[in-house]
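# Fold and contact review
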Amino acid sequence: MLIIFDVDGTLIGGEAADWLSFDTAIESVLGFAADETFFAGLPEITAQSIAEAAVRASGAETGNGLEQRIHDEYLRGLRLAHSSDPLTFQPRPGVPELLQHLASMPGVKVALATGDWHPTITFKLAAAGIDISTFPVATSSDTSRRPDIIRLAAERASMPLSQAVYVGDGPWDMRACRELKIPFIGTGSRTHRLSENGVQHLLEPLEPSAFVALLQTLALTVVGRSQ
């Protein structure tokens, strides 16, 4: 079985500082404020797709380096936030123990699939003290669509997507899993919204024994899909 984790809001906290840094970067580069109306109209919630949409919404053309400037300003904002408060980006409850436990389980692989860019998510994970050196990782630096990011993470783990379970905290994670037809475990601060959208498997916090018990429930589904 392959367990693919989202990162922001799933493995690490600090979402308020994270989104503030991202929004500030967009406004700094484009002079465009990404408000709720803007986000409500986005088909994809990944760093790359948001940056591209913001560039278009500002009246500029994509592919002229503005997305990279947003990326750079975003990373600068994250570093400032962490410098101001070293505890800004911390592992969410149960996460370090869960990752360690999963690494010891035979027949289980772990990968990461995040809508963030690779340099920015690497910074936040390092700030949280989470070592990802042994995990395959796919980000929106690779591709802008979340289903494709998840698919790439499975490919990099050398596992078929049919044996994957995805763990995330956002409605966009749920939608990606429905498109890919893979099991989804919802966690984080939005579990009420996920429940309202029909997500059956919710676990908050990601406590190791409860997570493994849920995996055992899902195992028959995953095995059946992979045969």
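Here goes a summary of the coordinates provided.

### Some thoughts on the overall build of the protein
Looking only at helices and strands, one finds 10 helices and five strands in the protein. Relative to a compact globule of 227 residues, whose C-alpha radius of gyration would be 17 Å, the protein shows 17 Å and is just as compact. Every one of the 227 residues in the protein was classed for burial, and the buried ones make up 52%. Once local pairs closer than 6 in sequence are excluded, the contacts in the protein between residues at least 24 apart make up 66%. A total of about 10300 Å² of accessible surface is found on the protein, and carbon and sulfur atoms cover 52% of it. When the 17 positive and 27 negative side-chain charges of the protein are each reduced to one mean point, those points stand 5 Å apart.

### Quick look at the side chain of aspartate 169
One can find aspartate 169 in the loop between strand 4 (164-168) and helix 8 (171-180). Setting aside anything within four residues of it in sequence, one finds aspartate 169 in contact with Asp6, Asp8, Gly9, Thr10, Glu15, Thr187, Gly188, Arg190 and Leu194.

### Some points on helix 4 (residues 66-84)
Here helix 4 spans 27 Å end to end across 19 residues, near enough to the 27 Å set by a 1.5 Å rise per residue. Within the sequence span of helix 4, burial applies to Leu66, Glu67, Ile70, His71, Tyr74, Leu75, Gly77, Leu78 and Ala81. Elements that come into contact with the buried residues of helix 4 comprise helix 1 (15-30), helix 3 (47-57) and helix 6 (118-128).

### Some points on the pattern of salt bridges
Evaluation of the coordinates by the stated rule reveals 13 salt bridges. One salt bridge connects arginine 92 with glutamate 204, and the closest N-O pair in it is separated by 2.9 Å. In this pair, arginine 92 sits in the loop between helix 4 and helix 5 (95-103) while glutamate 204 sits in the loop between helix 9 (191-196) and helix 10 (208-226), placing the two residues 112 residues apart along the sequence. Via salt bridges that share partners, Glu44, Arg145, Asp148, Arg151 and Glu179 belong to a single interconnected network.

Definitions and limits used
- Residues numbered from 1 in each chain as written.
- Predicted model: local features only at pLDDT ≥ 70, side-chain atom pairs only at ≥ 80, totals over all residues.
- Heavy atoms only, no water.
- Helix = DSSP H or I, 4+ residues; strand = E, 2+ residues; numbered from the N terminus.
- Rg over C-alpha atoms; globule rule 2.2 N^0.38 Å.
- Buried < 20%, exposed > 50% of the residue type's maximum accessible area, 1.4 Å probe, protein only.
- Contact = heavy atoms within 4.5 Å.
- Areas by Shrake-Rupley, 256 points an atom, 1.4 Å probe, with all protein chains shown as cover.
- Lys, Arg positive; Asp, Glu negative; His and termini not counted.
- Charge placed at Lys NZ, Arg CZ, Asp CG, Glu CD.
- Expected span 1.5 Å × (residues − 1).
- Salt bridge = Lys/Arg side-chain N within 4 Å of Asp/Glu carboxyl O.

In short, geometric facts, not functional conclusions.
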